[in-house]
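The primary structure of each chain is shown beneath.
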Amino acid sequence: MPQETIKKWKERYFKTKSSADMEFPYWYSREWFENDGEINIVRRAKALKRAFTRLTPSIFPNELIVMGKTRNMRGSYPMPWLSGSYFMAAHDQLYKDALDCGKLSADKLTKFGQGGGNVTKSGNNVISIAGKFGLRKEELPMLMEMVKIWKGKSVEDIGHKYEKLVPQYKQKEAIMKSLVCMFDSGYTIPQGREVMNYYYPLQYGIDGMIDFCQKKINEVAGRPDMDRLYFYKSAILSLEGVKTWILNYAEKAELLSDKEKDSERKRLYAETAERLKWLSSNPPRTFHEALQLCWTFHIAVLNEDCISGMSPGRLGQVLYPWWKKDMASGILNKEKTMELLECMRMKFTELDCFASMGVVGGVLSGNTFNNLSIGGLTKDGQSAANELEMFIIESGMTCATPQPTLTILYNEKLPEEFLLKGVQCVKTGAGYPAWVNDQTAMDFLMRNYGPEGMTTQDARAWAIGGCLETSPGAWMPLKLDGKTHWIPGGSAGATSVGVHFISTPKILELVLFNGMDKRTGLEVFKDHDYKLKTYEEVWLAFKDYFSQAVDVLCLCNNVQHDAWRKITPPIINSALKPDCLEKGKDIGQKGSRFNATFNIEVCGGINFVNSLASLKKNVFEEKNFTLEEMKDAMIQSFGHESKEKADFHSKGERVKNAEQRKWIKIHKLCLDAPKYGNDDFYVDSIFKEWEDWFCAMCGNFISLYDKPMYPCQISVSTHGSMGAATMAAPDGRLSWTTFADGSVSAYPGTDKNGPYALFNSATVWDHSASQNSQLNMKIHPSVVKGREGSKKLLEIIKAYLRKGAFHIQFNVVDSETLKDAQKHPEKYRELMVRVAGFTQYWVELGKPIQDEVIARTEYCEIA
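About the cut-offs
Residues numbered from 1 in each chain as written. Predicted model: local features only at pLDDT ≥ 70, side-chain atom pairs only at ≥ 80, totals over all residues. Heavy atoms only, no water. Helix = DSSP H or I, 4+ residues; strand = E, 2+ residues; numbered from the N terminus. Rg over C-alpha atoms; globule rule 2.2 N^0.38 Å. Buried < 20%, exposed > 50% of the residue type's maximum accessible area, 1.4 Å probe, protein only. Contact = heavy atoms within 4.5 Å. Areas by Shrake-Rupley, 256 points an atom, 1.4 Å probe, with all protein chains shown as cover. Lys, Arg positive; Asp, Glu negative; His and termini not counted. Charge placed at Lys NZ, Arg CZ, Asp CG, Glu CD. Pairing = 2+ DSSP bridges. Axes fitted to C-alpha atoms, helices over the stretch in contact; angles between N-to-C directions. Core = buried A, V, L, I, M, F, W, Y, C linked by side-chain atoms within 4.5 Å. Parallel < 35°, antiparallel > 145°, perpendicular 65-115°, else oblique. Left-handed = near helix turned anticlockwise from the far one by under 90°. Nonpolar A, V, L, I, M, F, W, Y, C, P; charged D, E, K, R; others polar. pLDDT = per-residue confidence, 0-100. Salt bridge = Lys/Arg side-chain N within 4 Å of Asp/Glu carboxyl O.

Here we look at the overall build of the protein chain
Right, so step 1: Helices and strands together make up the secondary structure of the protein chain, namely 33 helices and 24 strands.
Right, so step 2: Expected size for 863 residues packed as a compact globule is a radius of gyration near 29 Å; at 26 Å, the protein chain falls within 12% of this value.
Right, so step 3: Expressed as lengths along the three principal axes of its C-alpha atoms, the size of the protein chain is roughly 80 × 65 × 55 Å.
Right, so step 4: Residue burial in the protein chain is summarised as follows: out of 863 residues, 67% are buried.
Right, so step 5: Taking as baseline every contact in the protein chain between residues at least 6 positions apart, the subset at least 24 positions apart corresponds to 77%.
Right, so step 6: Surface summary for the protein chain: the accessible area is close to 28,800 Å², and the carbon and sulfur share equals 51%.
Right, so step 7: Put simply, the protein chain has 110 plus and 106 minus side-chain charges, and the middle of one group is 2 Å from the middle of the other.

Encoded structure:
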């Protein structure tokens, strides 16, 4: 159980709705337009400074770590300088323009959870935006005014203006409207899926960072490459804004202390005020101060852009020097450590990301993917696990919340006690920690960043950015009390921007129907000219269409991200990342140490592979039915009900006339065809061929930073929305239903030969060729009871990762509980499940994702 103060905090959180307000956008926009004609990056810094200094501070009772994105506990706000189309009124012509170019296609097919903190409907004095956030009606006119003054000037609008110059742009529109691709990343979530670096404020404090920038200005002013001058000036302005923001909270804490009658609360407020005053200028002296400063800069970065997946990285190793010192001196003990860590968990759980419904619901499921990595290796290759990380795991059990999720960077040097602690946490049903292969990740990093000078030592500093993105790190020399401690931190910008989620089953559908999308009536691709008389022709046509999609999406994405880095350059995040301060260049100008960070993401790969296996066997080898008969059955969803009534795991009702009996027969043959996850060479060889081709072809496409792109294979929540846009498939999946989750998870119910057969199927390809892979398993709690159950679970984790696999994670829950929670959500407010790289409260998930989690194979034996 959490500490009593944390328990009350959590109760308060459960009663709180996701809220949006206009305070930050108003002051940012006002300052921006008052500085027309200023150097753009300096103009942005002035706008950020004004917005930070005008944020209203809120401190809630018993908070030991303070400050938030806005004055609301679950607060966020729109950023019309990035994008505005998704929160305009439906009757507004600007909204209709957005629909015409396919920007909002995912929004229309996304379903949010109806419970928890989501504001899914407007009512009383509150307007629902993006199906999640509540905005007071009196603030709506200001929102619409902000949208209109940014019309034609936002990243979205400027990017759209110039992406239309890409020769294949019309094809890109059709790709977005048909939901072959989930969303544009250039203006939706341009930062994130990366690891924070807290080194500079921890080592130098805010005043020290400002002094550093001022010295650099003296060096570069009037000299060639003058952009450095403007970067340093913008960094100073932004840091001054953060400094004032902290001091405003200190003043608020003093005011509360003066008014408070309870002596204990009075003391806490006074201590908070003193702590914040110190940190507004200086580096931290204690563990508590260091944790507060890390949190402050974390949300400062989140406030400068629409961001998901800004991970704290290996925070337990970053903060360990202060923690060890304070434990030795008696300032800290176990109880105080746990209380602070539980406070940290609550603060991260409060975070919201304001974006479109297609992104917040269809991709994030309301989560913000703050991933805290533990374990791994030190700079010199020894186990990096420490005592503080044991407390971090413990706090994830006593204060089970979705954020921050935990990931163990597994290697053979980690102590057994540490690993069993991780297993103990998994068994609580929290869905974390996930387990990732340290060596597989480092092999990927060396392959991808070696050309930029990465060494094996550098690779050891990596961590997970976002839900499951392998992200490069750096070792930073922290000096504390006369000793040097090498602490890890992020060393690149967003490692998952680029082509965001191509639906492989949808591409195959378009191959079979010669480029036509039956759902929308659009021609997405030109006639591929293959007769599809052989399996090989189907595969060739797929590669052709897939390559066309990647090509045009890469080109348009590069345009969008160029607009982003020119209009809203990242300043605060850049001031934290090596080597931006040293170079005088922000992340968008390749100031980071590593810059090969653009990827190509896919969804539905297992359904696609199973469909190829079915076509190969049923149509081309055994000739059980013709391709035309297959297509006809797909159009009719094998005789099942319409998409309005079809359920993910139901068989539906069928009218059994002669024609529909034929569709039923075809459906059975499709379901009986070889399925991935059973150690079956027939389908696994197809899976390997797909993976080998996909991982290699990504390098043929070049990012905005003139670097080869790389593959990324996670589903997040896109398998729900993208499934909703895809008709029935040759693998037997029904129309408009959810795809398999992850990238190497079996389609629910099709893995019938046990976990080790699934592991053999999953590892027929080289996982280090991709930024990630993702395997979710659902295990009945009875299987892992007691210490023997813990050892069994740890053994299968080791067995899988020793095969070279990258990732595995678990839901330890029985399906009956989930079914009851779906019927009676009010009884399960605290129930959490693992979706695909993240944990979320059950009641805040949309029904398509809930159905998919329920339908996953439930293992009742893992020996």
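Some words on the sheet that holds strand S5 (residues 181-184)
Right, so step 1: Ordered by their spatial adjacency, 4 strands build an open sheet running S5-S15-S18-S19, and the pairing between neighbours is mixed. A strand with exactly one partner marks an edge of an open sheet, and here the two such strands are S5 and strand S19 (710-712). Across this sheet, the average inter-strand angle for adjacent strands is 25 degrees, counted without regard to direction.
Right, so step 2: Judged from the 3 bridges that link them, S5 and strand S15 (residues 497-503) form a sheet pairing that is antiparallel. Bridge pairing in S15 places Asp184 opposite Val499.

Some details on the sheet that holds strand S10 (residues 434-437)
Right, so step 1: As summarised here, the arrangement of the 6 strands in space is S8-S9-S10-S21-S20-S24, forming an open sheet in which the pairing is mixed. Of all strands in the sheet, those bounded by a partner on one side alone are strand S8 (371-375) and strand S24 (858-859).
Right, so step 2: Where strand S9 (residues 405-410) meets S10, 4 bridges bridge the pair, whose relative direction is parallel. Residue Leu409 lies in a different strand from S10, and its bridge partner there is Val436.
Right, so step 3: Against the sheet, helix H17 (residues 387-398) touches S8 and S9, its axis set at about 135 degrees to S8.
Right, so step 4: Of the strands in this sheet, S8, S9, S10 and strand S21 (807-812) are in contact with helix H18 (residues 416-427), which crosses S10 at around 140 degrees.

Regarding unusual backbone geometry
Right, so step 1: Note that the residue after Gln403, namely Pro404, is joined by a cis bond; omega there is -15 degrees.
Right, so step 2: Within the secondary structure, Pro404 is located in the loop between H17 and S9.
Right, so step 3: Cis peptide bonds are those with omega within 30 degrees of zero, and the linkage from Tyr432 to Pro433 qualifies with 0 degrees.
Right, so step 4: Looking at where Pro433 falls in the secondary structure, it is placed in the loop between H18 and S10.
Right, so step 5: One non-glycine residue, Asp481, lies in the positive phi region at around 55 degrees.
Right, so step 6: Considering the arrangement of structural elements, one finds Asp481 in the loop between strand S13 (473-480) and strand S14 (483-490).
Right, so step 7: Classification of Asp481 as exposed rests on a relative accessible area of 60%.

Observations regarding the pairing of S15
Right, so step 1: Of all the 7 residues making up S15, 7 are buried; the element is thus mostly covered by neighbouring parts of the structure.
Right, so step 2: One ladder, built from 5 bridges, connects S15 with strand S18 (residues 598-603); its direction is parallel. Its bridge partner being in S18, Ser503 is matched across the sheet by Cys603.

Side note on the nonpolar core
Grouped burial of nonpolar side chains is what soluble globular proteins tend to show.
Right, so step 1: Counting residues in each nonpolar core, the largest one holds 269 residues, and the members touching the most others are Trp435, Phe546, Trp690 and Phe810.
Right, so step 2: At 16 residues, helix H22 (residues 535-567) tops the list of elements feeding residues into this core.
Right, so step 3: With residues up to four places along the chain from it excluded, the contact list for Phe810 reads Val426, Gly431, Trp435, Met777, Ile779, Leu793, Ile796, Ile797 and Arg834.
Right, so step 4: The next biggest cluster of nonpolar side chains, apart from the first, holds 11 residues, and it includes Met22, Ile127, Leu135 and Met146.

A few points about the side chain of Lys347
Right, so step 1: Mapped onto the secondary structure, Lys347 falls in helix H15 (residues 334-349).
Right, so step 2: Those residues within four positions of Lys347 in sequence are excluded, and the remaining contacts are Trp9, Glu63, Ile65, Val66, Met67 and Trp295.

Describing the environment of Ile392
Right, so step 1: Along the chain, Ile392 turns up in helix H17.
Right, so step 2: It is 9.5 Å that separates the C-alpha atoms of Ile392 and Arg345, two residues lying 47 residues apart in sequence.
Right, so step 3: Among all residues touching Ile392, those that are not within four sequence positions of it are Gly316, Leu341, Leu372, Ile374 and Leu406.

Digging into the packing of helix H10 (residues 227-259) against helix H12 (residues 287-304)
Right, so step 1: Packing of H10 against H12 leaves a shortest axis separation of 11 Å and a crossing angle of 125 degrees. Viewed along their axes, H10 and H12 adopt a mutual orientation that is oblique. Read as a crossing pair, H10 and H12 show a hand that is right-handed. Listed contacts from H12 to Leu239, Val242, Trp245 and Ile246 of H10 are Thr296, Phe297, Ile299, Ala300 and Asn303.
Right, so step 2: Taken together, the residues of the contact of H10 with H12 sort by class into 7 nonpolar, 2 polar and no charged.

Comments concerning the confidence of the model for the protein chain
Right, so step 1: Predicted confidence across the protein chain gives a mean pLDDT of 91, with 93% of residues reaching 70 or more.
Right, so step 2: For the stretch residues 93-99, pLDDT sits under 50, and the model shows 17 contacts to residues farther than four places along the chain or on other chains.

So, the pattern of salt bridges
Right, so step 1: Following the criterion strictly, the structure yields 47 salt bridges and no others.
Right, so step 2: Here Arg565 ties to Asp562 by a salt bridge, and the two come within 2.7 Å at their closest N and O atoms. With a gap of 3 residues between them, Arg565 and Asp562 both fall in helix H22, about one helical turn apart. Both residues of the pair, Arg565 and Asp562, count as buried.
Right, so step 3: The residue Arg856 makes a salt bridge to Asp741 at a minimum N-O spacing of 3.3 Å. Residue Arg856 is located in the loop between helix H33 (847-855) and S24, and its partner Asp741 is located in the loop between helix H29 (718-723) and helix H30 (755-762); the two are separated by 115 residues in the primary sequence.
Right, so step 4: Given a relative accessible area of 7%, Arg856 falls into the buried group.
Right, so step 5: Each of Arg30, Glu31, Glu34 and Arg50 takes part in salt bridges that share partners, so that together they form one network.

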